[in-house]
Each structure stands twice: as structure tokens, then as C-alpha cells.
Amino acid sequence: METKTTFTPHPELPPPANTVGAVGWLRANLFSSPANSLLTLFALYLLWLLLPPALEWLLFKATWSGTTRADCAPGGACWVFIKMRFGQFMYGFFPEPERWRVNLAWILAVLGILPLLGKRNPLRLPAAVFMLFVYPLIAFVLFSGGFGLAPVETSQWGGLMLTLVIAVVGIAGALPGGILLALGRRSKMPVIKTICVTFIEFWRGVPLITVLFMSSVMLPLFLPEGMSFDKLLRALIGVILFQSAYMAEVVRGGLQAIPKGQYEAADALGLSYPKAMGLVILPQALKLVIPGIVNTLIALFKDTSLVIIIGLFDLLNSIHAATVDPNWLGMSTEGYVFAALMFWLFCFGMSQYSQWLERRLHTGHKR
Amino acid sequence: MSTQQPGSLPSKPPFWNDPAVRATVFQVIALAAVLAVGGYLFHNTQVNLANRGIASGFGFLDQTAGFGIVQHLIPYTETDSYGRVFWVGLLNTLLVAALGILFATLLGFVLGVARLSKNWLIAKIALVYIELFRNIPLLLQIFFWYFGVLRHLPAARDSVNVGDVIFLNIRGLYIPRPVFGDAFLFVVIAFFAAIAGTVFLARWAHRRQAETGQPFHTFWVGLGILVGVPLLTFFLSGMPLSWEVPKLTGFNFRGGMVMIPELASLLVALTIYTAAFIAEIVRSGILAVSHGQTEAAHALGLQHGPTLRLVIIPQAMRVIIPPLTSQYLNVTKNSTLAAAIGYPDLVGLFAGTTLNQTGQAIETISITMAVYLAISLLISTLMNWYNKRKSLVER
């Protein structure tokens, strides 16, 4: 028997599934398995339920122009409300002819901070000196008056302006206290360490609301006869005490991240404690914790909304107060959406900056 | 240059350069400063209180409060004392904190895992959720749910009706209340017996696996015991449980249990806000376990489930638990925002109403702060103990 060997080709296999292009991407990321496909479809269904009505209300059916509530079409958002009350949301009861002062202060702040944000440049040092020593005085005069400017009571401050003032003053006031507390907590002297630990743990253990309550109700009792602070200053004192404890923990994280060799090297050079800390340790430690400080600032920025409890008109309280105005009843959703947008823009911006910094500062000690 | 003779001891530094002396001096100065400031404040307070005619002390706790509280977990009437108000407020705070922690943990873990999902759409939705909600102040979210959403619910007459047993209106969510019969005690006993049995079973299974290598389906059998035994007792004892259904009488509902809108909006906002933070913690915890661990477990022949349960999760939990605890503390502290919408929590009732009625600012605020401080210290002590137990044992 002779077997003939002839070449019989296999039937051709189907081509492999597409792994590039739009179809390939869809297959890999959305429909990789039956369960995944179900999940994708479910998510799409949820989005279809949620997004079209939301967008319709927010944008397509919304009313943008007009002056009164009657101009607003039903079924959509009434942004007229925000437009008419915009001044109040930004400046509170700051007298209208004086509002340029607030704008000028913010413009100066932005101009002063811009050179500090980026990479090294020759303007850094003068800008830092300006922001640290000159700007606070200028801003204070612009806000409260003096030197030929009409005085404005702090009770007239409000809106976004007040929110920013509390957040910035809070963080700026808390930083030096936080550094001292952090150094004290790492001190080898038992009495100083105990004092600092007690202070930090106390403020970190209580909620901010009780701190604000305390500063508005108990602080007047602590002061000598005849001495009194205005409401804003009392709130600021509470915020600074509270925040300095959190700042201390952030700075302590930076101090602990510095290798022991740095401390020993500073000692070996014969530097005194203030010099060793000020010239060797703190510059490195503070650089490490800049992202942490920004995160604290974000938390504080959100927490400023709590001053509503003691009757200050920050951004949220201004909007809240406007929603109960009888001329604009039923606008609470618009008001809160606007407030959320403002807070979100600031917080998201700062958190993106902090993440960018974190990536850029990953130079030295990270292994 | 040196005039010192070889062999002689180096001269002692002057005493003001001696570190020990300096340390003592600094500490004495610091202590004196703290005491001086404290004494000064105390003196001012004494003078101010005397001028205003406020008697300090905790006697007010026995006085009659005279105001009603919309939600109380323990019996309370207007004739009860301020001391009772304190306990009502504390329990309300603990209730909202406990529920908030529970829901935020569940939602947070789901979101954290979803954020790492291979499904692009799911991962992006989780990302948008996290970035949206953690950047909006909690108080604003509470206001939104309370004034923006729950205030628009219908009045009692036009309640949303689910099968004539659950009603939703502007006064809250009404659900049936379970009424336990006497024989229900047997079910409770059976439940505790089942717990004991499951613990015993788990120990036995663990020992057997250590000795023989035979695994045992502890989870499923345990679940069966935990559910089955009480259920069986329930039916055998003649189903000693009935439901009291809420009924509309006049303008309001009677009977049943009610979840007031203040609690609901607080809970929803706390859950949504905290879940965003917990999701990030879970994500970073899972990412912190290197991929080599998964590969090593697979190389040892472990399947997907045991790899997750025995290798990945224990290591991820070590990273997750400390920040998770601080989030739990945050929930407890953030629940004080209840005061802004009138939920009767500790701050609203005690540092708010009680303070306004009695004027005992120092006492009420101190007690309130002390409670939160105690909770914080308690949890962080537990945390440190846990960390010490679970931390990597290195050489």
C-alpha cells in the first residue's frame, strides 16, 4: 500500500480580534468579559438616567438673562438669581463704591503669588519678601480703610472675600505656631514636649464647631474687663489655634522624613540649635511638606463655611441668606449649585497644584 | 596655641553652656509662662463671671430643661433635666456617627475598588465622583440635601406611599416598627448561641487545617449556622414578631418608626462626602501591595480567591486602617454640623440650646469638648495598639 502524501491546507483561522483602534479599545476597556459588559451597560444606563435631565436643567432650559424672578422659565435653572446677587456673593455687604479695593487686593495677591508658584526665577525672592511683609499691611488697609480710604467695618465683609480672608489668615497664622509646636513635640525636654503634645492633641481632638462656639462665647470671658474683639477676629483666633495643631502634625511629618545624618552633621559643624534648625533642617523639611500645607489649606478653605454657626456671612452663608429672600424663593438649588461650583473650583485647583508639586519635589529622600 | 598640659582634663565649660542646666532653665521658663497665662485667664474669668452674676458649677445639670426634642433614643419629656438632655444629645450624635461610618465604609470600599477597575467607564465614573464630592464643603452638601431636596417633599396628606406600609413626606420617612413578643427572647438567645458555635467551629477548622492541611468551608457553614439557627427558633417559637404600621390620623402619621429629614440629610451628606475620602484610602492601600506579592502567591499555587484573602487584603489593610480610623474620627467630628440644620445632636442641644437657656458657657462648652476629646483619644489609643500589633516585625 502506498500512501500518497498530498498537501491539504487547514481551513483558514479567523483573524485575531482587533486590538488596536476604536474597536480594540472598546473591547479591552469596556467589554473584556460578559460581566464587564453588563457593568458597562449598567453604567451607561445610569448616566443616561442622570446626565440628560441634569444638563437640560443646568444649561439648555436655563434662563440666563432678565432681572426678576418672573423672567425665569419653569423647568430650568434660573441663573438670573445668581447674576443679580453676584456682588453680594463676592463682597458681602462691602459698600459698592469701595469694592474696587477688594479687587485691587486680589489682583496684587495674584501678581505676588504667580512668581512663587513656578520654577526658579529671579523674581522669586522679591515676590516672597513682598508677600510676607508688605502685602499683609496693604491688604489690611485696603480692606478696613485708613490712609484716606473710607473705613469699612468687618461686619460688612462677606461673601467669597470673607471666605478667602479667613482661609489665608488662618493658614498664615497657623504656620509659625505649627512649626514651633512641631519642634517642641520633637524636643528632648520633657516639660516642653508635654506642653506641646497636650496642646496639639487637645485641638486635634475637638470639632471646629465647638472651637468656634468657644471663641465666640468663652473668649470674651477670658479677656480683662473692657477689652473686646470683634466677631471676625474672635473667629480667626479660634481658627488659628485649631489649625496650628494640624499644621504642627504636617511639619512633624517633614521633620521625621529628614535623615538623622542631617541632624548629626549640623551638630558636628558646631551649629547651635536655632542655627541647625533654621539653616539645615527646616529648609529641607518645609520643602517636603509644601503639598501637606496645601492640603491643610484646602481643608481649611472648606471648613471656613462653618463660620455660619457664629453668624458671619461667608460665601455659603451669603448664598444661604439670599435663598430665603421672599423675592427669590425657591432658588435654593441654583444658589447651592453656584456655591458648590465656586468651592469646587478653588479646592480642585489647589489639589491639582499640590499634586503637581508633589511630583516635582520627588527629588531627594525618596528611594 | 594650646596651653593645656598633656594628660590634664579639658576644662569644664562655664555652667551657662552646660546643656543640662540650659534644658532645666528653659523648661522652668516655659512652665512658668504657661502657668502665668493660665492663671491670668482664670483670674479674668472669675472677675467677669462675678460681674455678670453667673454662678459657675454643674448644678444646672439637675434643673428642668423645659424644651422638647424631636428625636430621642431614650425616654425624654420636657420636664426632664439638662443632664438627661446631655445623654439624649450624646446618643443622637453616636447614632448618626455610627450609621455614617457604616454607610461611608461600604460606599467607600465599592468606589475605591471601582476606581481601580479595568472597566474604563466604571473607573472614570468613580474618579469623577471622588473629585466632585471631596472638593465641596460638607456643610454645603448638608444644606443642599436638607433645603434643596428634602424640603421639597410633599406634605403628610400627599405622602409618597410604598405599599401602604412605608410613607415619605416632609416630616420624614415612616416605616413599620417591629413589636417583639415575649418568646422573641428565645431567638435572641439562639442568635448568641449561634455566634458562640461559629467561633468554636472556626477554631476547630483552623486547628484541623494546621494539623492535616484539610481546609474547611468555615465561611459558608458559619453563615448557615448564624442565619439558620435563629430563623429555626423564630418559626418554632411561633413567630413572636408583629409590625406596627404607621397610619395617617389628622395631619400627621402615628405609630411606626420615623427617620426625621434632618437625620436623613445629615446621613446622606456625611456618607457621600466621607466615602470619597475612604475610596482614595482604599485605592492607595491596594496599590501599595506590590504586584510581586500577587505573582508569588500564584506561583505558590494559590488561586485568585485565597490570594486576595490571604495575601493582598491583609497587607492592604495594614496601609488602609490608620487613615481609615482618622476618617472615622472625622465623621464623628463632622456630625457636629448637625447643629446647622437643627438635628438634635450633642452640640445643638447642649452647646446650643442648653447654653442659651442657662448661660453656663464655660461648663457646657467644656463638657462638649471633653466628650469629643474623650472619643478621639479612645479611638487613637485603640489605633496605636492595633498598629503595634499589626506592624511589620523587622529585625
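Just so we're clear, the structure is a prediction, and the values are computed from it rather than from any experiment.

What counts as what
- Sequence order as written defines the numbering, with residues in each chain counted from 1.
- Both sets of labels track the order of writing: A upward for chains, 1 upward for ligands.
- Whole-chain, interface and lining totals are the exception, using all residues; otherwise, since this is a predicted model, local features are given only for residues with pLDDT of at least 70 and side-chain atom pairs are given and counted only at 80 or more.
- Processing note: side-chain calculations cover all non-hydrogen atoms of the structure and skip hydrogens and water entirely.
- UniProt positions are given in the numbering used here, feature names are shortened, and annotations may be inferred rather than shown by experiment.
- By definition, any uninterrupted DSSP run of H or I lasting at least four residues is a helix, any uninterrupted run of E lasting at least two residues is a strand, and each is numbered from the N terminus.
- Whether two strands pair comes down to DSSP finding at least two bridges between them.
- Fitting a line to C-alpha atoms yields each axis, with helices limited to the stretch in contact; the angle taken between N-to-C directions then spans 0 to 180 degrees.
- For this document, the term salt bridge refers to a Lys or Arg side-chain nitrogen within 4 Å of an Asp or Glu carboxyl oxygen.
- Exposure is judged per residue with a 1.4 Å probe applied to protein chains only, and the accessible area is read against the type maximum: over 50% gives exposed, under 20% gives buried, and values in between give partly exposed.
- The rule is short: rings of Phe, Tyr and Trp, with Trp giving its six-membered ring, pair when the centres are within 6.5 Å, and they are stacked under 30 degrees, edge-to-face over 60, tilted in between.
- These descriptions rest on fixed angle ranges, namely under 35 degrees for roughly parallel, over 145 for roughly antiparallel, 65 to 115 for roughly perpendicular, and the rest for oblique.
- Any two residues having at least one pair of non-hydrogen atoms within 4.5 Å are treated as being in contact.
- The classification used treats Ala, Val, Leu, Ile, Met, Phe, Trp, Tyr, Cys and Pro as nonpolar, Asp, Glu, Lys and Arg as charged, and all other residues, Gly among them, as polar.
- Simply put, the buried area is the total loss of 1.4 Å probe accessible area from both parts when two parts are fitted together.
- Two N or O atoms form a polar contact when they lie within 3.5 Å of each other; inside protein one atom must be a possible hydrogen donor and the other a possible acceptor, and for residues adjacent in sequence the pair counts only when both atoms belong to side chains.
- Helix crossings get a hand from a simple test, with the near helix turned counterclockwise from the far one by less than a right angle marking a left-handed crossing and a clockwise turn marking a right-handed one.
- Patch membership requires more than 30% relative accessible area and the absence of a salt bridge. Residues of like charge join within 9 Å; the nonpolar side chains Val, Leu, Ile, Met, Phe, Trp and Tyr join within 5 Å.
- In this description, accessible areas are obtained by the Shrake-Rupley approach with a 1.4 Å probe, and a residue is regarded as covered only by the protein chains that are shown.
- Note that His is not counted, nor are the chain ends; the positive residues are Lys and Arg, and the negative ones are Asp and Glu.
- To locate a charge, take atom NZ for lysine, CZ for arginine, CG for aspartate or CD for glutamate.

Things to note about the UniProt feature "domain: ABC transmembrane type-1" (unreviewed entry) in chain B
With numbering aligned to this structure, UniProt lists the feature "domain: ABC transmembrane type-1" (unreviewed entry) at residues 90-383 of chain B. Secondary structure over residues 90-383 of chain B splits into 71% helix and 10% strand, and the C-alpha atoms at its two ends are 22 Å apart.

Observations regarding the UniProt feature "domain: ABC transmembrane type-1" (unreviewed entry) in chain A
With numbering matched to this structure, UniProt assigns "domain: ABC transmembrane type-1" (unreviewed entry) to residues 160-349 of chain A. Secondary structure across residues 160-349 of chain A comprises 79% helix and 0% strand; the distance between its end C-alpha atoms is 16 Å.

What to know about the sheet that holds strand β2 (residues 166-169) of chain B
Residue and element names in this part refer to chain B. In space, the 4 strands of this open sheet follow the order β1-β2-β3-β8, with antiparallel pairing throughout. Each end of this open sheet is capped by a strand with a single partner; those strands are β1 (160-162) and β8 (257-259). Strand-to-strand twist in this sheet, taken as the mean axis angle between neighbours without regard to direction, amounts to 15°.

As for the pattern of salt bridges
Inspection of every chain in the model, using the stated rule, returns 11 salt bridges over all chains. A salt bridge links Glu-201 of chain A to Arg-185 of chain A, with the shortest nitrogen-to-oxygen separation between them at 3.2 Å. Separated by 16 residues along the polypeptide, Glu-201 of chain A in helix α7 (residues 190-205) and Arg-185 of chain A in helix α6 (residues 159-185) bring together distant segments of the chain. In this structure Glu-201 of chain A comes out as partly exposed when scored by relative accessible area, which is 24%. In this structure Arg-185 of chain A comes out as buried when scored by relative accessible area, which is 15%. With its nearest N and O atoms 3.3 Å apart, the salt bridge here joins Glu-131 of chain B to Arg-134 of chain B. Given a relative accessible area of 14%, Glu-131 of chain B falls into the buried group. Judged by its relative accessible area of 16%, Arg-134 of chain B falls in the buried class.

Overview of the packing of aromatic side chains
Across all of its chains, the model carries 34 aromatic pairs over all chains by this definition. With centroids separated by 6.1 Å and ring planes inclined at 75°, the aromatic side chains of Phe-81 of chain A and Phe-89 of chain A adopt a geometry described as edge-to-face. On the numbers, 6.5 Å between centres and 80° between planes, the contact of Phe-184 of chain B with Phe-234 of chain B is edge-to-face. One end of the pair, Phe-184 of chain B, is in helix α5 (residues 184-212); the other, Phe-234 of chain B, is in helix α6 (residues 218-236), with 50 residues separating them in the sequence. By way of ring pairs, the aromatic residues Phe-81, Phe-86, Phe-89, Trp-328 and Phe-338 of chain A are connected into one cluster.

Things to note about the UniProt feature "transmembrane region" (unreviewed entry) in chain A
Mapped onto the present numbering, the UniProt feature "transmembrane region" (unreviewed entry) falls on residues 38-60, 129-150, 162-184, 205-223, 276-300, 306-324 and 336-353 of chain A. Along residues 276-300 of chain A one finds 100% helix and 0% strand; the C-alpha atoms at either end are 31 Å apart.

Re the packing of helix α2 (residues 34-60) of chain A against helix α3 (residues 120-133) of chain B
Two elements in contact, α2 of chain A and α3 of chain B, have axes separated by 9 Å at closest approach and are oriented at 45°. Taken together, α2 of chain A and α3 of chain B sit at an angle that is classed as oblique. Here Leu-39, Thr-40, Ala-43, Leu-44 and Leu-47 of chain A of α2 of chain A come into contact with α3 of chain B, specifically with Leu-121, Ile-122 and Ile-125 of chain B. Of the residues that constitute the contact of α2 of chain A with α3 of chain B, the class distribution is 7 nonpolar, 1 polar and no charged.

Looking at the interface of chain B and chain A
Each partner contributes residues to the interface: chain B has 52 residues there, and chain A has 52 residues. Taken together, the two surfaces of chain B and chain A that pack against each other cover about 4600 Å², and 74% of this comes from carbon and sulfur. Connecting chain B to chain A are 0 salt bridges. On inspection of chain B and its partner chain A, the count reaches 13 residue pairs in polar contact (both at pLDDT 80 or more). At the level of elements, α1 (19-52), α3, α4 (138-149), α7 (261-288), α11 (346-358) and α12 (361-390) of chain B are the ones that each hand at least two residues to the side of chain B that touches chain A. Per-class residue counts for the side of chain B that touches chain A are 34 nonpolar, 13 polar and 5 charged.

Some remarks on the packing of helix α2 (residues 82-115) of chain B against α3 of chain B
The description of two helices packed together rests on the angle between their axes and the distance between the axes. Residues and elements named next belong to chain B. Taken N-terminus to C-terminus, the directions of α2 and α3 make an angle of 130°; their axes are 7 Å apart at the nearest point. Taken together, α2 and α3 sit at an angle that is classed as oblique. Remark: the crossing between α2 and α3 carries left-handed chirality. Facing Leu-107, Leu-111, Ala-114 and Arg-115 of α2, the residues of α3 in contact are Ile-122, Ala-123, Ala-126, Leu-127, Tyr-129 and Ile-130.

Overview of the pairing of β2 of chain B
All names here are of chain B. Side chains Phe-167 and Asn-169 of β2 all project onto a buried face; the interleaved residues Ile-166 and Leu-168 project onto a face where none is buried. With antiparallel pairing between neighbouring strands as the criterion, β1 and β2 make up a hairpin whose turn holds 3 residues, including Gly-163 at a positive phi of roughly 60°. Strand direction decides the pairing type here: β2 and strand β3 (residues 172-175), joined by 3 bridges, are antiparallel. Bridged to Phe-167 within β3 is Tyr-174.

A word on helix α8 (residues 208-217) of chain A
Of all 10 residues in α8 of chain A, 8 are buried; the element is thus mostly enclosed. Within α8 of chain A the residues assigned to the buried category are Leu-208, Ile-209, Thr-210, Val-211, Leu-212, Phe-213, Met-214 and Ser-215 of chain A. On its buried side, α8 of chain A packs onto α7, α9 (219-222), α10 (231-257) and α12 (273-303) of chain A together with α11 and α12 of chain B.

With respect to the environment of Ser-326 of chain B
Within the fold, Ser-326 of chain B resides in helix α9 (residues 304-334). A polar atom in the side chain of Ser-326 of chain B sits 2.9 Å from the backbone oxygen of Pro-323 of chain B.

Considering the UniProt feature "transmembrane region" (unreviewed entry) in chain B
Residues and elements named next belong to chain B. Under the UniProt annotation, the feature "transmembrane region" (unreviewed entry) is placed at residues 20-42, 54-74, 86-114, 126-147, 183-206, 218-243, 263-282 and 365-386. Counted over residues 183-206, helix gives 96% and strand 0%. Its end C-alpha atoms are 36 Å apart. A helix fraction of 100% and a strand fraction of 0% characterise residues 365-386, whose end C-alpha atoms lie 32 Å from each other.

Observations regarding a positive patch on the surface
Residue and element names in this part refer to chain A. A grouping of Lys-119, Arg-120, Lys-287 and Arg-360 is seen on the molecular surface, where their side chains present a positively charged patch. Mapped onto the secondary structure, Arg-360 falls in helix α14 (residues 332-361). Exposure remark for Arg-360: the relative accessible area of 30% places this residue in the partly exposed category.

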